[in-house]
Amino acid sequence: MKAVFLDAKTLGDDVDFSPIESVTGGLERYERTAPDDVLERIRGFDTVLVNKVVLGREHFEACPELKTIAVVATGLNNIDQAAARDHGIKVMNVTNYGRSTVAQHTMALMLALATRLLDYDRDVRSGLWGKSDMFCLMDHPIMELEGRTLGIVGYGDLGEGVAERAAAFGMRVLLGARPGQEAGEVDGYSRIPLDELLPQVDVLSLHCLLTDETRDLIGARELKMMKPDALLINTSRGGLVNEQALADALRAGEIGGAAFDVLTEEPPRNGNPLLADDIPNLIITPHSAWASREARQRIVGITAANLNSVL
């Protein structure tokens, strides 16, 4: 096996690649690879590892020796899978590596919104507490999570991890059926149609992949169905929520708050409706929910096991 990793920098500088190196007999690594350099760098390799680098039909046609693509992430949007099948190339990805860190980040966002943590921090730093005529500030409403209803759309490994942690906070958990998904009961939780779920939830957390069916899953119509103090969390994929509709709903007070770890364009070099500075109770983190060192090292180990399975 002759392997090359085209964007190793995406896993950081503090991970140990020796599990992959031992399986492949060595690994050529590039920190980043520009689109124009992809073809040159994969020539002669039977195994290519990528995170976000795009591989398509033109690459497969020019490199008949290519047999395996290992995506060191869950999403496969950057690979032309139909073209890979046409050329007999096996495409593998990594799942079940980020349960702890993504669920932890999701709960951190939920708690920050519910307690208005960032608002109160800003008030203290701006001197408002020092000017208060009372011992405390109570300018921002605080939501207790105990007894509240959490709706989860996407009950895979990550959604399950969030449900477990939410239960520890005393929350009631309901699952939302994605388009084409049947309602029913899963692990003791009721899975109900989205239109039935939205009016009930105090917090909605998204954990599903972005597909044609889930794009703009939450738009203006759906936001209007939610409670005016409901919170929306997205640590899954940009594009699941219509960003302009969310910005408008937050400004209008149609929902209570939102926290996102993902946007439709990453990084958001061309601006984004959610990056305006006049949107209340909105938190944006830079796609960092997955990025604990433990999770990134787990990705390396799972990738090595995947590659070993094709030897």
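The structure displayed is predicted, hence computed values, not measured ones.

So, how was this worked out
- Residues numbered from 1 in each chain as written.
- Predicted model: local features only at pLDDT ≥ 70, side-chain atom pairs only at ≥ 80, totals over all residues.
- Heavy atoms only, no water.
- Core = buried A, V, L, I, M, F, W, Y, C linked by side-chain atoms within 4.5 Å.
- Buried < 20%, exposed > 50% of the residue type's maximum accessible area, 1.4 Å probe, protein only.
- Helix = DSSP H or I, 4+ residues; strand = E, 2+ residues; numbered from the N terminus.
- Contact = heavy atoms within 4.5 Å.
- Expected span 1.5 Å × (residues − 1).
- Pairing = 2+ DSSP bridges.
- Axes fitted to C-alpha atoms, helices over the stretch in contact; angles between N-to-C directions.

> Could you give an account of the nonpolar core, with specific residues and numbers?
Residues L204, I218, L223, L232 and L246 are the most contacted members of the largest nonpolar core, which totals 31 residues. Put simply, the parts of the chain that give this core at least two residues each are α8 (194-197), β10 (203-206), α10 (243-252) and β12 (257-260). The residues touching L204, leaving out its near neighbours within four places in the chain, are G151, V153, L197, L198, I218, M226, L231, L232 and I233.

> Talk me through helix α7 (residues 157-168); I want residue IDs and the actual numbers.
Here α7 spans 17 Å end to end across 12 residues, near enough to the 16 Å set by a 1.5 Å rise per residue. Three or more residues of α7 are buried, namely G159, G161, V162, A163 and A166. On its buried side, α7 packs onto α5 (99-115), β6 (149-153), β7 (172-177) and β9 (189-193).

> Describe in detail the sheet that holds strand β2 (residues 27-29), supporting the description with residues and values.
Spatially, 5 strands are ordered β2-β1-β3-β4-β5 in an open sheet, and the strand pairing comes out parallel. The strands lining the two open edges of the sheet, one partner per strand, are β2 and β5 (90-92). Taking the axes of each pair of neighbouring strands and ignoring which way they run, one obtains an average angle of 20 degrees across the sheet.

> Give me the pairing of β12: which residues, what numbers.
Across the two faces of β12 the burial is the same, with G257 and A259 and A258 and F260 all buried. Across 4 bridges, strand β11 (residues 231-234) lies against β12 in parallel orientation. Pairing of L232 across the sheet is with A258, part of β12. By the bridge criterion, 3 bridges tie β12 to strand β13 (residues 282-284) in an arrangement that is parallel. Bridge pairing in β13 places A258 opposite L282.

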